[in-house]
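In case you want the letters, here they are:
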Amino acid sequence: MRWAFDGIALREQLGEASDWDKRFDIAEGFIAGRLADAHALSPEIAWAYRTVIASGGRTRISALASEIGRSRKHLAAKFTDAIGIGPKTLSRIVRFNRALSLSKRQDDNWAGIAADCGYADQAHLVREFRQLAGETPSGLAARI
């Protein structure tokens, strides 16, 4: 249950950070630290982590679970225990970061960015931004 307390501390650090670059550094450091602290990350979990990252967060969790011969619930539990967050949460963060990165290279074509990042539609992208960043994509992109 240590990871639950680590998650609470992470949330507080993210809330106290002065800008998004610092928040991303904190989140990346948290995940890297969890990986470094892992005694022996199972090959399946390491593979699932790399696959989520490489896919830009677009890999379906059920496909990951099927590939390693486990249920989604079992994969989520083992992944959370090893990494500190579940594979679905990691996928959301990866998609969010990719969308934000694309917004800096494109001219605020949020519908196109949503499609490129695997969101069902632009409204889904906006909901994710509000949940993860507390504001709209355009508002966040303008501040970064």
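Below you will find a few notes about this structure. This one's a predicted model, so the numbers in the text were calculated from it and none came from an experiment.

### Description of the overall build of the chain
(1) Moving on: From N to C terminus, the chain includes nine helices and zero strands.
(2) Moving on: Taken from N to C terminus, the helices and strands of the chain fall in the order α-α-α-α-α-α-α-α-α.
(3) Moving on: Against the compact-globule benchmark of 15 Å for 144 residues, the chain has a radius of gyration of 16 Å, which places it among compact chains.
(4) Moving on: If one aligns the C-alpha atoms of the chain with their principal axes, the spans along those axes are about 45 × 35 × 20 Å.
(5) Moving on: Per-residue burial over the chain gives 36% buried out of 144 residues.
(6) Moving on: Within the chain, contacts between residues separated by at least 24 positions form 54% of all contacts whose residues are at least 6 apart in sequence.
(7) Moving on: Of the accessible surface of the chain, which amounts to about 8,500 Å², a share of 51% is contributed by carbon and sulfur atoms.
(8) Moving on: Separation of charge centres in the chain, based on 21 positive and 17 negative side chains, amounts to 6 Å.

### Focus on the side chain of Glu-128
(1) Moving on: Positionally, Glu-128 belongs in helix 8 (residues 122-133).
(2) Moving on: In contact with Glu-128, other than residues within four places in its own chain, are Arg-92, Arg-95, Tyr-119 and Ala-133.

### Describing the environment of Ile-68
(1) Moving on: Among the secondary structure elements, Ile-68 is positioned in helix 4 (residues 61-68).
(2) Moving on: Filtering out sequence-adjacent residues up to four positions away, Ile-68 remains in contact with Glu-44, Trp-47 and Leu-75.

### What about a negative patch on the surface?
(1) Moving on: On the surface, Asp-19, Asp-21, Asp-25 and Glu-28 cluster together into a negatively charged patch.
(2) Moving on: Residue position: Asp-25 is located in helix 2 (residues 20-37).

### Let's talk about the nonpolar core
(1) Moving on: The biggest cluster of nonpolar side chains holds 18 residues, and the ones touching the most others in it are Ile-31, Leu-75, Phe-79, Ile-83 and Leu-90.
(2) Moving on: Counting residues per element, the ones that place at least two in this core are helix 2, helix 3 (43-54), helix 4, helix 5 (72-83) and helix 6 (87-105).
(3) Moving on: Residues in contact with Phe-79, not counting those within four places in the same chain, are Ile-45, Ala-48, Tyr-49, Gly-84, Ile-85, Gly-86, Pro-87 and Leu-90.

Scoring rules and cut-offs
Residues numbered from 1 in each chain as written. Predicted model: local features only at pLDDT ≥ 70, side-chain atom pairs only at ≥ 80, totals over all residues. Heavy atoms only, no water. Helix = DSSP H or I, 4+ residues; strand = E, 2+ residues; numbered from the N terminus. Rg over C-alpha atoms; globule rule 2.2 N^0.38 Å. Buried < 20%, exposed > 50% of the residue type's maximum accessible area, 1.4 Å probe, protein only. Contact = heavy atoms within 4.5 Å. Areas by Shrake-Rupley, 256 points an atom, 1.4 Å probe, with all protein chains shown as cover. Lys, Arg positive; Asp, Glu negative; His and termini not counted. Charge placed at Lys NZ, Arg CZ, Asp CG, Glu CD. Patch = residues over 30% accessible without salt bridge, like charges linked within 9 Å, V, L, I, M, F, W, Y side chains within 5 Å. Salt bridge = Lys/Arg side-chain N within 4 Å of Asp/Glu carboxyl O. Core = buried A, V, L, I, M, F, W, Y, C linked by side-chain atoms within 4.5 Å.

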